[in-house]
Amino acid sequence: DGGITQSPKYLFRKEGQNVTLSCEQNLNHDAMYWYRQDPGQGLRLIYYSQIVNDFQKGDIAEGYSVSREKKESFPLTVTSAQKNPTAFYLCASSLRRDRVYGYTFGSGTRLTVV
Amino acid sequence: EDQVTQSPEALRLQEGESSSLNCSYTVSGLRGLFWYRQDPGKGPEFLFTLYSAGEEKEKERLKATLTKKESFLHITAPKPEDSATYLCAVQAGSGGSNYKLTFGKGTLLTVNP
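As a starting point, this report considers the structure included with it. (Residues numbered from 1 in each chain as written. Chains lettered and ligands numbered in written order. Predicted model: local features only at pLDDT ≥ 70, side-chain atom pairs only at ≥ 80, totals over all residues. Heavy atoms only, no water.)

## Concerning the overall build of chain B
Phase 1: On a plain count of helices and strands, chain B comes out with 0 helices and 11 strands.
Phase 2: Counted from the first residue to the last, chain B has its helices and strands arranged as β-β-β-β-β-β-β-β-β-β-β.
Phase 3: A globule of 113 residues ought to have a C-alpha radius of gyration of about 13 Å, and chain B, at 14 Å, matches this closely.
Phase 4: Considered along the principal axes of its C-alpha atoms, chain B spans approximately 50 × 30 × 20 Å.
Phase 5: With 113 residues in all, chain B has 44% of them scored as buried.
Phase 6: Charge-centre separation for chain B: the mean point of 13 positive side chains lies 4 Å from the mean point of 14 negative side chains. (Helix = DSSP H or I, 4+ residues; strand = E, 2+ residues; numbered from the N terminus. Rg over C-alpha atoms; globule rule 2.2 N^0.38 Å. Buried < 20%, exposed > 50% of the residue type's maximum accessible area, 1.4 Å probe, protein only. Lys, Arg positive; Asp, Glu negative; His and termini not counted. Charge placed at Lys NZ, Arg CZ, Asp CG, Glu CD.)

Shown next as C-alpha coordinates:
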(Lines give C-alpha, C1' and ligand atoms only; values in the text may rest on other atoms or scores of the structure.)
Protein backbone atom coordinates (compact mmCIF):
# COMPACT_ATOMS: atom_id res chain seq x y z
CA ASP A 1 0.00 0.00 0.00
CA GLY A 2 1.18 3.51 -0.79
CA GLY A 3 1.79 5.96 1.99
CA ILE A 4 4.20 8.01 4.04
CA THR A 5 6.42 6.41 6.65
CA GLN A 6 7.88 8.45 9.45
CA SER A 7 10.45 7.07 11.85
CA PRO A 8 11.07 6.81 14.67
CA LYS A 9 7.67 7.21 16.32
CA TYR A 10 9.32 8.51 19.50
CA LEU A 11 12.68 10.26 19.76
CA PHE A 12 14.56 11.66 22.72
CA ARG A 13 17.21 14.34 22.34
CA LYS A 14 19.78 15.50 24.81
CA GLU A 15 20.72 19.13 25.10
CA GLY A 16 23.15 20.19 22.38
CA GLN A 17 22.49 17.14 20.23
CA ASN A 18 21.37 17.05 16.59
CA VAL A 19 18.75 14.48 15.65
CA THR A 20 17.31 13.45 12.29
CA LEU A 21 13.71 12.49 11.62
CA SER A 22 13.06 10.22 8.67
CA CYS A 23 10.24 10.63 6.12
CA GLU A 24 9.78 8.28 3.15
CA GLN A 25 6.88 8.18 0.66
CA ASN A 26 6.01 5.72 -2.09
CA LEU A 27 3.12 7.73 -3.55
CA ASN A 28 5.23 9.23 -6.34
CA HIS A 29 4.33 12.67 -4.98
CA ASP A 30 6.36 15.64 -6.13
CA ALA A 31 6.11 17.88 -3.08
CA MET A 32 6.97 17.10 0.51
CA TYR A 33 6.53 19.12 3.69
CA TRP A 34 7.49 19.19 7.35
CA TYR A 35 5.10 20.61 9.94
CA ARG A 36 5.42 21.03 13.67
CA GLN A 37 2.41 20.63 15.96
CA ASP A 38 2.30 21.95 19.52
CA PRO A 39 -0.62 21.68 21.96
CA GLY A 40 -3.18 24.41 21.38
CA GLN A 41 -1.51 25.56 18.16
CA GLY A 42 -2.15 24.86 14.54
CA LEU A 43 0.29 23.04 12.33
CA ARG A 44 3.22 25.29 11.46
CA LEU A 45 5.29 24.82 8.31
CA ILE A 46 9.01 24.23 8.83
CA TYR A 47 10.32 23.39 5.34
CA TYR A 48 8.93 22.23 2.04
CA SER A 49 10.33 20.80 -1.17
CA GLN A 50 8.67 20.87 -4.57
CA ILE A 51 11.31 18.94 -6.51
CA VAL A 52 14.45 16.94 -5.86
CA ASN A 53 17.50 18.97 -4.79
CA ASP A 54 15.38 22.01 -4.02
CA PHE A 55 13.69 23.11 -0.80
CA GLN A 56 12.35 26.29 0.77
CA LYS A 57 12.02 27.64 4.29
CA GLY A 58 8.59 27.74 5.82
CA ASP A 59 7.37 29.91 8.67
CA ILE A 60 9.55 28.47 11.45
CA ALA A 61 12.74 27.15 9.76
CA GLU A 62 15.26 28.43 12.33
CA GLY A 63 17.10 25.57 14.02
CA TYR A 64 16.08 23.01 11.40
CA SER A 65 17.66 21.69 8.20
CA VAL A 66 16.48 19.38 5.43
CA SER A 67 17.68 17.62 2.29
CA ARG A 68 15.89 16.23 -0.76
CA GLU A 69 18.32 13.97 -2.59
CA LYS A 70 15.63 11.53 -3.68
CA LYS A 71 12.01 12.06 -4.63
CA GLU A 72 10.91 9.55 -2.01
CA SER A 73 12.83 10.95 0.95
CA PHE A 74 12.77 14.23 2.89
CA PRO A 75 14.65 13.93 6.21
CA LEU A 76 14.48 16.69 8.81
CA THR A 77 17.39 17.46 11.14
CA VAL A 78 16.64 19.24 14.39
CA THR A 79 19.84 21.02 15.33
CA SER A 80 21.09 22.22 18.69
CA ALA A 81 20.17 25.73 17.56
CA GLN A 82 16.48 24.87 17.95
CA LYS A 83 15.85 25.99 21.51
CA ASN A 84 12.43 24.44 22.01
CA PRO A 85 12.33 21.27 19.93
CA THR A 86 9.88 19.25 22.01
CA ALA A 87 6.88 18.79 19.70
CA PHE A 88 5.01 16.43 17.39
CA TYR A 89 6.52 16.50 13.89
CA LEU A 90 4.46 15.66 10.83
CA CYS A 91 5.68 14.95 7.34
CA ALA A 92 3.31 15.30 4.40
CA SER A 93 3.34 15.02 0.63
CA SER A 94 1.18 16.16 -2.25
CA LEU A 95 0.91 15.27 -5.91
CA ARG A 96 1.53 18.61 -7.60
CA ARG A 97 2.40 22.02 -6.25
CA ASP A 98 0.54 23.87 -8.97
CA ARG A 99 -2.80 22.19 -8.44
CA VAL A 100 -5.17 22.04 -5.54
CA TYR A 101 -4.26 18.76 -3.98
CA GLY A 102 -4.54 18.03 -0.33
CA TYR A 103 -1.76 16.52 1.68
CA THR A 104 -1.19 12.94 2.70
CA PHE A 105 0.34 12.85 6.18
CA GLY A 106 2.61 10.42 7.92
CA SER A 107 1.89 9.13 11.41
CA GLY A 108 4.26 11.60 13.08
CA THR A 109 7.35 11.60 15.28
CA ARG A 110 7.16 12.82 18.86
CA LEU A 111 10.42 14.47 19.85
CA THR A 112 11.22 15.10 23.51
CA VAL A 113 14.24 16.88 24.96
CA VAL A 114 15.64 15.14 28.04
CA GLU B 1 -1.46 36.84 5.59
CA ASP B 2 -3.84 33.92 5.36
CA GLN B 3 -5.78 33.22 8.54
CA VAL B 4 -7.93 30.31 9.60
CA THR B 5 -10.01 30.34 12.79
CA GLN B 6 -11.88 27.30 14.05
CA SER B 7 -14.64 27.31 16.63
CA PRO B 8 -15.40 26.07 19.12
CA GLU B 9 -12.03 24.93 20.45
CA ALA B 10 -13.73 21.96 22.10
CA LEU B 11 -17.17 20.43 21.74
CA ARG B 12 -18.72 17.71 23.84
CA LEU B 13 -21.81 15.92 22.47
CA GLN B 14 -23.99 13.06 23.50
CA GLU B 15 -24.25 10.19 21.05
CA GLY B 16 -26.90 11.09 18.48
CA GLU B 17 -26.76 14.83 19.20
CA SER B 18 -26.10 16.59 15.89
CA SER B 19 -23.98 19.75 15.72
CA SER B 20 -21.65 21.80 13.52
CA LEU B 21 -18.03 22.90 13.62
CA ASN B 22 -17.04 26.23 12.11
CA CYS B 23 -13.99 27.29 10.11
CA SER B 24 -13.75 30.94 9.14
CA TYR B 25 -10.98 32.09 6.86
CA THR B 26 -9.33 35.21 5.47
CA VAL B 27 -7.28 34.52 2.37
CA SER B 28 -6.26 36.16 -0.85
CA GLY B 29 -7.72 33.99 -3.56
CA LEU B 30 -9.00 30.73 -2.13
CA ARG B 31 -7.97 27.70 -4.17
CA GLY B 32 -9.26 25.03 -1.83
CA LEU B 33 -10.45 24.36 1.70
CA PHE B 34 -9.63 21.07 3.38
CA TRP B 35 -11.02 19.19 6.35
CA TYR B 36 -8.93 16.62 8.19
CA ARG B 37 -9.57 14.35 11.14
CA GLN B 38 -6.77 13.71 13.63
CA ASP B 39 -6.76 11.04 16.31
CA PRO B 40 -4.45 11.42 19.34
CA GLY B 41 -0.82 10.68 18.51
CA LYS B 42 -1.51 10.18 14.80
CA GLY B 43 -1.22 12.16 11.61
CA PRO B 44 -4.23 13.97 10.13
CA GLU B 45 -6.50 11.95 7.87
CA PHE B 46 -8.03 13.64 4.83
CA LEU B 47 -11.81 14.07 4.81
CA PHE B 48 -12.90 16.65 2.22
CA THR B 49 -11.77 19.28 -0.25
CA LEU B 50 -14.10 22.17 -1.15
CA TYR B 51 -13.25 24.51 -3.99
CA SER B 52 -15.96 27.14 -4.34
CA ALA B 53 -18.77 28.77 -2.41
CA GLY B 54 -21.95 26.71 -2.40
CA GLU B 55 -20.16 23.41 -2.68
CA GLU B 56 -21.10 20.57 -0.34
CA LYS B 57 -19.60 17.13 0.26
CA GLU B 58 -20.74 14.23 2.41
CA LYS B 59 -19.16 11.18 3.92
CA GLU B 60 -21.14 8.96 6.28
CA ARG B 61 -22.27 11.20 9.17
CA LEU B 62 -20.19 14.19 8.03
CA LYS B 63 -21.18 16.96 5.65
CA ALA B 64 -18.94 19.89 4.74
CA THR B 65 -20.21 23.13 3.27
CA LEU B 66 -18.45 26.26 2.02
CA THR B 67 -19.34 29.94 1.76
CA LYS B 68 -17.15 32.87 0.76
CA LYS B 69 -16.05 33.42 4.35
CA GLU B 70 -16.45 30.14 6.20
CA SER B 71 -16.95 26.42 6.11
CA PHE B 72 -19.05 24.20 8.31
CA LEU B 73 -18.57 20.57 9.17
CA HIS B 74 -21.95 19.18 10.13
CA ILE B 75 -22.03 16.00 12.16
CA THR B 76 -25.33 14.13 12.11
CA ALA B 77 -26.14 11.65 14.87
CA PRO B 78 -22.51 11.30 15.98
CA LYS B 79 -21.10 8.15 17.51
CA PRO B 80 -18.28 7.83 20.05
CA GLU B 81 -15.91 6.78 17.25
CA ASP B 82 -16.34 10.25 15.74
CA SER B 83 -14.38 11.66 18.68
CA ALA B 84 -11.23 13.32 17.32
CA THR B 85 -9.71 16.69 16.53
CA TYR B 86 -11.03 18.15 13.29
CA LEU B 87 -8.65 20.41 11.40
CA CYS B 88 -9.50 22.95 8.72
CA ALA B 89 -6.91 24.21 6.24
CA VAL B 90 -6.90 26.56 3.26
CA GLN B 91 -4.78 26.75 0.16
CA ALA B 92 -4.66 30.17 -1.41
CA GLY B 93 -2.65 32.45 -3.64
CA SER B 94 -1.16 31.99 -7.06
CA GLY B 95 2.15 31.54 -8.76
CA GLY B 96 4.97 29.96 -6.80
CA SER B 97 3.34 30.22 -3.40
CA ASN B 98 0.22 28.18 -4.02
CA TYR B 99 1.63 25.06 -2.39
CA LYS B 100 1.04 25.96 1.20
CA LEU B 101 -1.78 24.86 3.45
CA THR B 102 -2.58 27.17 6.36
CA PHE B 103 -4.20 25.30 9.24
CA GLY B 104 -6.54 26.33 11.99
CA LYS B 105 -5.94 25.16 15.55
CA GLY B 106 -8.64 22.54 15.35
CA THR B 107 -11.80 21.58 17.22
CA LEU B 108 -11.58 18.74 19.72
CA LEU B 109 -14.81 16.77 19.45
CA THR B 110 -15.81 14.34 22.19
CA VAL B 111 -18.90 12.17 21.73
CA ASN B 112 -20.13 10.48 24.87
CA PRO B 113 -22.08 7.20 24.69
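That shown, we press on.
## Quick look at the pairing of strand β4 (residues 31-37) of chain A
All names here are of chain A.
Phase 1: Of all 7 residues making up β4, 7 are buried, and the element is well covered by its neighbours.
Phase 2: Sheet topology places β4 next to strand β9 (residues 87-94); 7 bridges connect them, and they run antiparallel. Bridge pairing in β9 places A31 opposite S94.
Phase 3: The pairing of β4 with strand β5 (residues 44-51) spans 5 bridges and is classified as antiparallel. Bridge pairing in β5 places M32 opposite S49.
Phase 4: Counting the residues that bridge the hairpin from β4 to β5 gives 6 residues, and of these G40 lies at a positive phi of roughly 75°. (Pairing = 2+ DSSP bridges.)

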